[in-house]
Amino acid sequence: MEKIIPFTSHDLAKITNHRSGEIKFGEKMITIPKQNDTLEFLKKSEAKYVLFGIPEDIGIRANYGRPGAASAWESAIKSIANIQHNKFCKGNQILVLGTLDVKQLMKDVASLDFNDIDDRSKLSQLVQKIDKDVSHIIFNIVCSGKIPIVIGGGHNNSYGNIKGTALAKGKPINAINFDAHSDFRILEGRHSGNGFSYAYEEGFLKKYFIFGLHENYTSKNVLDIIKKLENRVRYTTYDSISIRGEKDFRQEMQAALEFIDDNHFGIEIDLDSLPNIACSAMTTSGFSVEQLRQFISFFAKNKNAAYLHICEGAPDLGEELNNHLIGKLIGYLVTDFIKANQ
Ligand SMILES: N=CN[C@@H](CCC(=O)O)C(=O)O
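The text that follows walks through the structure, step by step, so that each part is easy to find.

Definitions and limits used
Residues numbered from 1 in each chain as written. Predicted model: local features only at pLDDT ≥ 70, side-chain atom pairs only at ≥ 80, totals over all residues. Heavy atoms only, no water. Core = buried A, V, L, I, M, F, W, Y, C linked by side-chain atoms within 4.5 Å. Buried < 20%, exposed > 50% of the residue type's maximum accessible area, 1.4 Å probe, protein only. Helix = DSSP H or I, 4+ residues; strand = E, 2+ residues; numbered from the N terminus. Contact = heavy atoms within 4.5 Å. Expected span 1.5 Å × (residues − 1). Arc of directions from axis to C-beta. Polar contact = N/O pair within 3.5 Å; in protein donor to acceptor, adjacent residues only side chain to side chain. Salt bridge = Lys/Arg side-chain N within 4 Å of Asp/Glu carboxyl O.

Bringing the nonpolar core into the picture now. When a protein is soluble and globular, its nonpolar side chains tend to lie buried together. Phe211, Ile267, Leu271, Phe295 and Phe299 are the most contacted members of the largest nonpolar core, which has 58 residues in total. With 8 residues, the single largest contributor to this core is helix H14 (residues 325-341). Leave out the neighbours within four places in its chain, and isoleucine 267 touches Ile176, Phe295, Phe299, Ala300, Ala305, Tyr307, Leu308, His309 and Phe337. Met1, Leu105, Leu126 and Val134 belong to the second-largest nonpolar core, a separate cluster that totals 30 residues.

What follows deals with helix H12 (residues 249-260). The end-to-end C-alpha distance of H12, which contains 12 residues, comes to 17 Å, matching closely the 16 Å that a straight helix rising 1.5 Å per residue would cover. When H12 is considered as a whole, its buried residues turn out to be Phe249, Glu252, Met253, Ala256, Leu257, Phe259 and Ile260. Taken down its axis, H12 places every buried residue within 160 degrees of arc, on the same side. Exposed and facing more than 90 degrees away from the buried side of H12 are Gln251 and Glu258. Those residues of H12 hidden inside the fold are in contact with strand E5 (173-178), strand E6 (205-213), strand E7 (233-237), helix H11 (238-243), strand E8 (265-270) and helix H13 (289-300). One side-chain oxygen of the residue at the start of H12 lies 3.2 Å from the amide nitrogen of arginine 250, identifying that residue as aspartate 248.

Before going further, it helps to examine the pattern of salt bridges. Considering all chains together, one arrives at 11 salt bridges under this definition. A salt bridge links glutamate 74 to lysine 78; the shortest N-O distance between them is 3.3 Å. Of this pair, glutamate 74 and lysine 78 are both found in helix H5 (residues 72-81), 4 residues apart, which corresponds to roughly one turn of the helix. By relative accessible area, which is 41% here, lysine 78 ends up partly exposed. Residue aspartate 131 is joined to arginine 190 by a salt bridge in which the shortest nitrogen-to-oxygen separation is 2.8 Å. Placement of the pair is aspartate 131 in helix H7 (residues 117-143) and arginine 190 in the loop between E5 and helix H9 (195-201), with a sequence separation of 59 residues. Judged on exposure class, the residue aspartate 131 and its partner arginine 190 are both buried.

This is the structure we're talking about:
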């Protein structure tokens, strides 16, 4: 756990806008006091959820994407700290662990060019380094009996989430992914587009459901691979639900749940599935924020929901004046998860 930059009570106080007569999450969320052993504290804490940030976009760079997702954590924690602590949701259910220390790695990649074959291979190697740390941290959180809520970063971190949870549970887990993309690309070196295929290939991912795939952005090759794995990998497309109306959103959620709920499962949310949200693969067409909130609420209430990961949001790629909006969106998603999961 030495790769974590702890989030302190002082950090929390700095970002909480106090107002008399009101209680904000920032006044109630738990941080690990200095001099305490992280693991020991985690185990004895009464908080059910552990908030962990991964401020990197190295996996996105390695996948020819646009950097910016490293800024999501800061925007998210500022919003979460200012949510009202009330009867609907309570801040003291959350322990704010802190962030993965990727400062040096982010400096190292600043000058790398993904069009250069050697640089791309260096980027992939750094993603593998992050994979190791993420899976170790998630393993420890889950072993402590807590539920991780992970704010990415790129979708490459699905791999570490799945591996860490599988190792802690002692068996491969399932995953449901709300995403415009399969992230089941070939094993060509780690990046943000192949977290699930690597987790599958290495035996950490048992069953995988992709919810709302965009037909225009899924290659024939990936569709052929998924077809052959039908017993373990399934999907429904955004176009079939929201454009052609061949399928119903709620019925598709139910079918997806029945596919994955025989085992612990991770809930993976890629914000590039929503229209007009600043992301590497930003789009103008996709499910609404309300549909995503309903989706999280629906899956979080199942007893096998093992973690929530929200990724790819990139406030740095958005309008400067409104770069708090991604954080605010993440705040809604985190509280939807907690409200449904209790
Ligand atoms: N995690 C996202 N993966 C997508 C989008 C890539 C991007 O533009 O950042 C993919 O590989 O297709």
